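Structure assessment
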Amino acid sequence: MKPFDLGELLLLAAIWGASFLFMRLGAHEFGPVAMAALRVSGASLLLLPLLVGRFGAQGWQELRREWRVLLGIALLNSALPFTLFSFAALSITAGLSSILNATTPLWGALVAWAWLGQSLSFSRVMGLSIGFAGVFFLAWGQADFKPGGSGWALLACLAATLCYGLAASFTKRFAAHIRPLTVATGSQVYAALLLAAPALQAWPSVAPSRSAWLGVVMLALLCSGLAYILYFRLMQRIGPSNTLAVTFLIPVFAVLWGWLFLAEAFTSQMALGCAIVLAGTAMALGLIGWGKTR
């Protein structure tokens, strides 16, 4: 990996780590649905001109022709997980949300095994077990399902990462023939259409503050629009395996931003749980091995 590529990888991790901070800034005032809708709408305004500018009428035609596949990706990769993570931001810290977000590759491996028939080595099975054990360790003593408790927020994060895992297999099976920029754009455009009516119904009665609007704008333009461009550039230059390293860097930045700007605490339980989750994720991705394959 060249120094420039490493720099972009760190930048992408810093941006995606900041997304949990920005959700905390705006979720309470906008509400989860309206915030998610504004996020994908703003990203659409950035990505759609890029698609048309690069591919002209062909890009626009592909976006319309593949609407069924792109609608599925939009639901699983944007509309549902963005709403769920925004809901989680109402009651748990940015750092904890980002650690749970690191379980995405674990769900991805499980879904690929169940849906696409991909084999699981012994090392990957152990990685899945260790990773989810880390999740239970993090949730132990915090999963309060009373009104305002963190239990539902923890489940929302896991449901969001399951959506990401489903989206990965769905994209691999049905969208391999579609341009990456079209997939990125379509996931935002069609998510905006899916969330438009619910967002109008859930629109806040009190005008949100400037800081809440700042959170939404940064989520849309920086964490969705620009981040997608960086992500697909890295996929092309350094490959999927190297790009997946961003999974391990996001919690570091999310915890840092939460500590710097929101004075969020990072407890010893979170540190140990994060280490367990990331170790399991590394094994599930095949980055480290244990025992013989089968």
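Residues numbered from 1 in each chain as written. Predicted model: local features only at pLDDT ≥ 70, side-chain atom pairs only at ≥ 80, totals over all residues. Heavy atoms only, no water.

**Some points on the overall build of the protein**
How we decide: Under the scheme used here, helices are H or I runs from DSSP no shorter than 4 residues and strands are E runs no shorter than 2 residues, and both carry numbers assigned from the N terminus. Radius of gyration: over C-alpha atoms. The globule rule applied is 2.2 Å multiplied by the number of residues raised to the 0.38 power.
In terms of regular secondary structure, the protein is built from 12 helices and 0 strands. Helices and strands in the protein line up, N terminus first, as α-α-α-α-α-α-α-α-α-α-α-α. For the protein, the C-alpha radius of gyration of 18 Å lies close to 19 Å, the compact-globule estimate for 294 residues. Projecting the C-alpha coordinates of the protein onto the three principal axes gives extents of approximately 50 × 45 × 35 Å.

**Let's talk about the environment of M283**
Looking at the element boundaries, M283 is found in helix α12 (residues 268-284). Counting along the chain gives 279 residues from M283 to F4, while the straight-line C-alpha distance between them is 27 Å.

**Observations regarding the environment of S86**
Formally: A simple rule labels every residue: compare its accessible area, found with a 1.4 Å probe on the protein chains alone, to the largest value its type can have, and call it buried under 20%, exposed over 50%, or partly exposed in between. By the convention used here, residues are in contact when the closest approach between their heavy atoms is within 4.5 Å. Polar contact is the term for a pair of N or O atoms within 3.5 Å; when the atoms are in protein, one must be able to donate a hydrogen and the other to accept it, and sequence-neighboring residues count only if both atoms are side-chain atoms.
Considering the arrangement of structural elements, one finds S86 in helix α4 (residues 67-88). A relative accessible area of 2% places S86 in the buried class. For the pair S86 and F20, spaced 66 residues apart in the sequence, the C-alpha separation amounts to 8.4 Å. When near neighbours in sequence (up to four residues on either side) are disregarded, S86 contacts M23, A27, P32 and M35. Only 2.8 Å separates the side chain of S86 from the backbone oxygen of F82, close enough to count as a polar contact.

**Digging into empty space enclosed by the protein**
How we decide: Throughout, the protein atoms alone are placed on a 1 Å grid, and a set of points is a cavity if a 1.4 Å probe fits but cannot get out or a pocket if it is open with protein on both sides within 12 Å along at least five of seven lines; lining residues have an atom within 4 Å of a point. Grid points are joined across faces, edges and corners, and a volume is the space filled by probe spheres set on the points.
Within this structure, the stated rule accounts for 1 cavity of 30 Å³ or more. A volume near 40 Å³ is recorded for the largest cavity. Taken together, T93, G95, V255, W259, E264, A265, F266 and M270 form the lining of the largest cavity.

**As for helix α6 (residues 104-115)**
Short version of the rule: The length a helix should cover is 1.5 Å for every residue beyond the first.
Here α6 contains 12 residues, and its C-alpha end-to-end distance of 16 Å stays within 8% of the 16 Å for a straight helix at 1.5 Å per residue. Of the residues making up α6, those classed as buried are T104, P105, L106, W107, G108, A109, V111 and A112. Here the buried face of α6 lies against α5 (94-101), α7 (122-139), α8 (151-174), α11 (246-262) and α12. Within two residues after α6, G117 carries a phi angle of roughly 75°, on the positive side.

**A look at the side chain of T83**
Along the chain, T83 falls in helix α4. Take T83: its relative accessible area is 16%, and that puts it in the buried class. Polar side-chain contacts of T83 include one of 2.7 Å to the backbone oxygen of A79. If sequence neighbours within four positions are ignored, T83 has contacts with P32, V33, A36, S78 and L195.

**Examining the layout of surface pockets**
Within this model, the second largest pocket holds a volume of roughly 220 Å³. L50, R54, F55, R179, P180, L181, I229, F232, R233 and Q236 are the residues that line the second largest pocket. Where the lining of the second largest pocket is concerned, the elements lending two or more residues are α2 (32-55), α9 (180-201) and α10 (210-243). In terms of residue count, α10 provides more of the lining of the second largest pocket than any other element does, 4 residues in total.

**Observations concerning unusual backbone geometry**
Phi is positive for A263, which is not a glycine, with a value near 55°. With respect to the helices and strands, A263 occurs in the loop between α11 and α12.

**Description of the environment of P180**
With respect to the element layout, P180 can be found in helix α9. Residues P180 and Y228 lie 48 residues apart in sequence; the distance between their C-alpha atoms is 9.7 Å.

**Remarks on the pattern of salt bridges**
Put simply, the test is: By definition here, a salt bridge exists when the distance from a side-chain nitrogen of Lys or Arg to a carboxyl oxygen of Asp or Glu is within 4 Å.
Tallied over the entire structure, the rule returns 5 salt bridges. We note a salt bridge from D5 to R237, for which the minimum N-O separation is 2.7 Å. One end of the pair, D5, is in helix α1 (residues 3-30); the other, R237, is in helix α10, and 232 residues separate them in sequence. For R237, a relative accessible area of 39% gives the class partly exposed. The salt bridge partner of R237 is E8, with a shortest N-O separation of 3.0 Å. Taken as a pair, R237 in helix α10 and E8 in helix α1 lie far apart in primary sequence, 229 residues in all. Salt bridges sharing partners connect three or more residues here, namely D5, E8 and R237.

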